[in-house]
Amino acid sequence: MAKTGTTTQGLRAAIERSGYYPALVAEAVEAAVGGEPVASYLVHQETTFDSNEVRRHVTVLVLTEHRFIVSHTDEQAADSGSPTAHATTSTESVKLDRISSVVVSRVVADPEKYVPGTLPREVVLTIGWGAVSRIDLEPAACGDPNCEADHGYTGSSTADDLSLRVSEAGDGPDAVRQTLAFAQSLSEATAATAATGR
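Residues numbered from 1 in each chain as written. Predicted model: local features only at pLDDT ≥ 70, side-chain atom pairs only at ≥ 80, totals over all residues. Heavy atoms only, no water.

> Describe unusual backbone geometry, with residues and values.
Although it is not a glycine, Tyr21 sits at a positive phi angle of roughly 40 degrees. Among the structural elements, Tyr21 can be located in the loop between helix 1 (8-18) and helix 2 (22-33). Positioned with a positive phi, Asp110 is a non-glycine residue whose angle comes to about 45 degrees. In this structure, Asp110 sits in the loop between strand 6 (101-107) and strand 7 (122-128). (Helix = DSSP H or I, 4+ residues; strand = E, 2+ residues; numbered from the N terminus.)

> Any chance you could break down helix 1 for me, citing the residues and the numbers?
What helix 1 keeps buried is the set Gly10, Leu11, Ala14, Ile15 and Ser18. Angular distribution of buried residues about the axis of helix 1 spans 140 degrees; they occupy a single face of the element. In the stretch just after helix 1, Gly19 is the one whose phi turns positive, near 75 degrees. (Buried < 20%, exposed > 50% of the residue type's maximum accessible area, 1.4 Å probe, protein only. Arc of directions from axis to C-beta.)

> Hey, could you go over the packing of aromatic side chains for me, with residue numbers and the actual values?
Scanning all chains against the criterion turns up 3 aromatic pairs. Where Phe68 meets Phe182, the ring centres are 6.4 Å apart and the plane angle is 45 degrees; that geometry is what we call tilted. One end of the pair, Phe68, is in strand 4 (residues 67-76); the other, Phe182, is in helix 4 (residues 173-196), and 114 residues separate them in sequence. Taken individually, Phe68 and Phe182 each receive the classification buried, so the pair is uniform in this respect. Here the basic side chain of Arg56 rests over the ring of Tyr21, its NZ or CZ set 5.8 Å away from the ring centre. (Phe/Tyr/Trp six-rings, centres within 6.5 Å; stacked < 30°, edge-to-face > 60°. Lys NZ or Arg CZ within 6 Å of the ring centre and 35° of its normal.)

> Requested: an account of the pattern of salt bridges, with residues and values cited.
The final tally for this structure, using the stated rule, is 6 salt bridges. With a shortest N-O distance of 3.0 Å, Arg12 and Glu16 are connected by a salt bridge. Placement of the pair is Arg12 and Glu16 together in helix 1, with a separation of 4 residues, close to one helical turn. On the basis of relative accessibility, which here comes to 31%, the residue Arg12 falls in the partly exposed class. Under the relative-accessibility criterion, Glu16 is labelled partly exposed at 43%. In this structure, the salt-bridge partner of Asp174 is Arg177, at a minimum N-O distance of 2.8 Å. Within this pair, Asp174 and its partner Arg177 are both found in helix 4, separated by 3 residues, close to a single helical turn. Relative accessible area serves as the criterion here: at 47%, Asp174 is assigned to the partly exposed category. A residue is classified by how much of its surface remains accessible, and Arg177, at 45% relative accessible area, is partly exposed. (Salt bridge = Lys/Arg side-chain N within 4 Å of Asp/Glu carboxyl O.)

Have a look at this one:
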């Protein structure tokens, strides 16, 4: 489930509608936002299956005039280290001028019949600001098929701070629409920040 909008009251209502520890999530998000007006937000709840456990978590993305705020809350079942279930909430506040990439990957059915404006089946929103990078390495090779020399490794480094996947089948068409709307708001805000140097 994803909810998006543009007001602090709307943000609080979307967190409450998600039904996922709303008092805990709202308190963490509101503390991070402080007194800044909310320009846009996205609330995304996801259920995952881990071995024989069902685990839920929620991600809240908030855009203000100068910052991008990401909050993530996970629940953990009781285990030998903790006799009761518990939840962990973290928030990170990133200045808009630190955002280096906003990547929107769209998956569409029957691309040869695609009509502009048709909703994708799936959207993956990836946002990078330099806190986390992924390095993919593979053995380097030359063009000679008979060469047996060691050419070392080649690879790439990718900013991978946040990746959020939303699908029409799993989350519904509104969630896909809302993710695209938030991604557009964030892209426009980072472009405006880069243009003005704020």
